[in-house]
Each structure stands twice: as structure tokens, then as C-alpha cells.
Amino acid sequence: GNINNPQVLFLSINPGYHEDNWDEEQQNNKILNGDFAINECKYLHEYAENKKLAKQITNIVLNDNVKYYNHCAETYITSFFNTPNERVLNQQLAILKPELKAEHYNIMSDYTKYLLNNLLPNNIVCIGFNVFKRTLDALGISPSDVKFETYKTASGRDRVFYKSVRHENTLIHGVLHLSACHISSVGVDKMREIFKNTIKFD
């Protein structure tokens, strides 16, 4: 995405894997070599492919305007390895040789520190509360500084659906993972209203 001066930086655990042939791909044992290049924000392509997370991000965070992706960037806080979910990622990392596991951890740790200290945009949107917590830990932000929003569930209990904290000139947002099926329409509507009022695109 736009890494020079993004107005929104999306952070998630790792790249997803949306196809149905994950097990088959693992059996192939391919070694993939590719050049790193700056591309458009990946959610723009995934929106065109009707992927759920990209559709939710566009609808909730970007007020249904795909042109805003031109002002966004996205990256990962745990790994650049793509997997169908975090459970599979943890399984993959667990079977790495100790020296490779340590190297992977150090690379991601250094990358996260560099990212958060040098590419602080107006907004960071953490996809999932786990990512939000890790971001706060990396920046040394106290949980007591966090503001949160709740809604009433059908059973009458309060459910947190959104968290935020300001760090210097950056507003850090934490949301429930937007590809999950258990987010209520009430939570979605409230999130949409929050982002409409807090993120202003040029």
C-alpha cells in the first residue's frame, strides 16, 4: 500500500490463505522465491475478489469507499508466513528448527519496532484485540490508557467491540476480527459510526 504517508495502517497477525487447497499446497513442498515490491493495499484486490475481511473493512472502516485504499497500507505483526488461521501459523512456527525460530522472532520483533517507531500514520487499525494488545506492548502503552466501547448482547451482557488509545499523533484502533461471523449487526453499526467520525481522508 501507500507506505510514504498512509492515513491508515492496517495491522494483522499474518497473511491469510483463502483457498481450499492448503493441505495440498503443504504436500507439494514448494520453495517460492519472489521479489519484494510495493503494491496497492492488498485489501483492494481482495475486495474485488469478494473476500469477507476486505468487504468488512471497506464497509466499516472506509465508509464503503474503495478509493480510500489509496491512502492505506497493511502489514503483519507476528509473521509474513501465510496460513488459513493463527492456529495453523503457531503449528508451523512450532516445527521450525530452534535457530530458525529464533531468527524469525528477532526479524519480526525488529520489524515491529521499526514499523511502529518510524511509520506512525494518523491511524492504526488493529484487526483483532490480540493485535491491539501486542501493539500496545510494543509501544509501551499502559492498558489503563485504553478507552473501549460496548454494546448489549441478546443475553443482556456488555460486550466490548472496539478499543482505542492515542499514541503521540496516532490513534490506535482495536476491533473484533472483522472476518468473524459472530459480530452482531449492532456492533458493526457502532463501529461504522466510530470510524466515520474518527478517520478523515484527504
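Every value quoted in this text rests on a predicted model; they were computed, and no experiment measured them.

Draft legend 1. Representation of the overall build of the protein within the structure. Helix and strand counts for the protein stand at seven helices and six strands. Helices and strands appear in the protein in the N-to-C order β-α-α-α-β-α-α-β-α-β-β-β-α. Overall size of the protein, expressed as C-alpha extent along the three principal axes, is 45 × 35 × 35 Å. For the protein, the proportion of its 202 residues judged to be buried stands at 43%. A separation of at least 24 residues holds for 72% of the contacts in the protein among residues at least 6 apart in sequence. Treating the 22 positive side-chain charges of the protein as one cloud and the 23 negative ones as another, the clouds have centres 7 Å apart.

Draft legend 2. Geometry of the nonpolar core. If you look at the biggest cluster of nonpolar residues, it comprises 28 residues, and the most contacted ones within it are Phe 10, Ile 57, Val 61 and Leu 178. Among the secondary structure elements, those contributing two or more residues to this core are strand 1 (8-12), helix 3 (52-60), strand 3 (123-127), strand 5 (158-167) and helix 7 (185-198). Apart from the residues within four sequence positions on either side, Ile 57 is in contact with Phe 10, Tyr 43, Leu 62, Tyr 69, Ile 127 and Leu 178.

Draft legend 3. Structural context of the packing of helix 5 (residues 98-118) against helix 6 (residues 129-139). Interaxial distance between helix 5 and helix 6 falls to 10 Å at its minimum, and their mutual angle equals 80 degrees. The orientation of helix 5 relative to helix 6 falls into the category roughly perpendicular. Contact with helix 5, carried on its side by Thr 112, Leu 116 and Asn 117, involves Thr 135, Ala 138 and Leu 139 of helix 6 and no other residues of that element.

Draft legend 4. Molecular detail of the sheet that holds strand 1. As summarised here, the arrangement of the six strands in space is 2-1-3-6-5-4, forming an open sheet in which the pairing is mixed. Every other strand in the sheet has two partners, leaving strand 2 (72-76) and strand 4 (147-152) as the edge strands with one partner each. Taken pair by pair, the neighbouring strands of this sheet meet at an average axis angle of 20 degrees, ignoring direction. As paired strands, strand 5 and strand 6 (residues 170-175) are joined by six bridges and run antiparallel to one another.

Draft legend 5. Fine view of the environment of Ala 54. As for its placement among the helices and strands, Ala 54 is situated in helix 3. Separated by 125 residues in sequence, Ala 54 and Ser 179 place their C-alpha atoms 8.3 Å apart. Residues in contact with Ala 54, not counting those within four places in the same chain, are Tyr 43, Glu 46, Tyr 47 and Tyr 69.

Draft legend 6. Just the confidence of the model for the protein, in detail. Residues at a pLDDT of 70 or more form 92% of the protein, whose mean pLDDT is 87. Mean pLDDT across the elements of the protein ranges from a minimum in helix 1 (residues 22-28), with 69, to a maximum in strand 3, with 95.

Draft legend 7. The arrangement of unusual backbone geometry in detail. If you check the backbone angles, Asn 50 has positive phi at about 65 degrees while not being a glycine. Relative to the assigned elements, Asn 50 resides in the loop between helix 2 (42-48) and helix 3. Note on Asn 50: relative accessible area 55%, which makes it exposed. The phi dihedral of Asn 63 is positive, around 55 degrees, even though this residue is not glycine.

Draft legend 8. The pattern of salt bridges, seen in detail. If you walk through the whole model with that rule in mind, you get five salt bridges. Two residues, Glu 46 and Lys 42, come together in a salt bridge whose shortest N-O distance is 3.6 Å. Residue Glu 46 and its partner Lys 42 are located together in helix 2, separated by four residues, close to a single helical turn. Residue classification places Glu 46 among the buried residues on the basis of a relative accessible area of 11%.

Draft legend 9. Quick look at the side chain of Arg 159. The residue Arg 159 is located in strand 5 in this model. Put simply, Arg 159 is tucked away with no salt bridge, and the nearest opposite charge, on Asp 158, sits 11 Å away. Not counting chain neighbours up to four residues away, the residues in contact with Arg 159 comprise Glu 149, Thr 150, Tyr 151, Thr 153, Leu 176, His 182 and Ile 183.

Rules of the game
- Residues numbered from 1 in each chain as written.
- Predicted model: local features only at pLDDT ≥ 70, side-chain atom pairs only at ≥ 80, totals over all residues.
- Heavy atoms only, no water.
- Helix = DSSP H or I, 4+ residues; strand = E, 2+ residues; numbered from the N terminus.
- Buried < 20%, exposed > 50% of the residue type's maximum accessible area, 1.4 Å probe, protein only.
- Contact = heavy atoms within 4.5 Å.
- Lys, Arg positive; Asp, Glu negative; His and termini not counted.
- Charge placed at Lys NZ, Arg CZ, Asp CG, Glu CD.
- Core = buried A, V, L, I, M, F, W, Y, C linked by side-chain atoms within 4.5 Å.
- Axes fitted to C-alpha atoms, helices over the stretch in contact; angles between N-to-C directions.
- Parallel < 35°, antiparallel > 145°, perpendicular 65-115°, else oblique.
- Pairing = 2+ DSSP bridges.
- pLDDT = per-residue confidence, 0-100.
- Salt bridge = Lys/Arg side-chain N within 4 Å of Asp/Glu carboxyl O.

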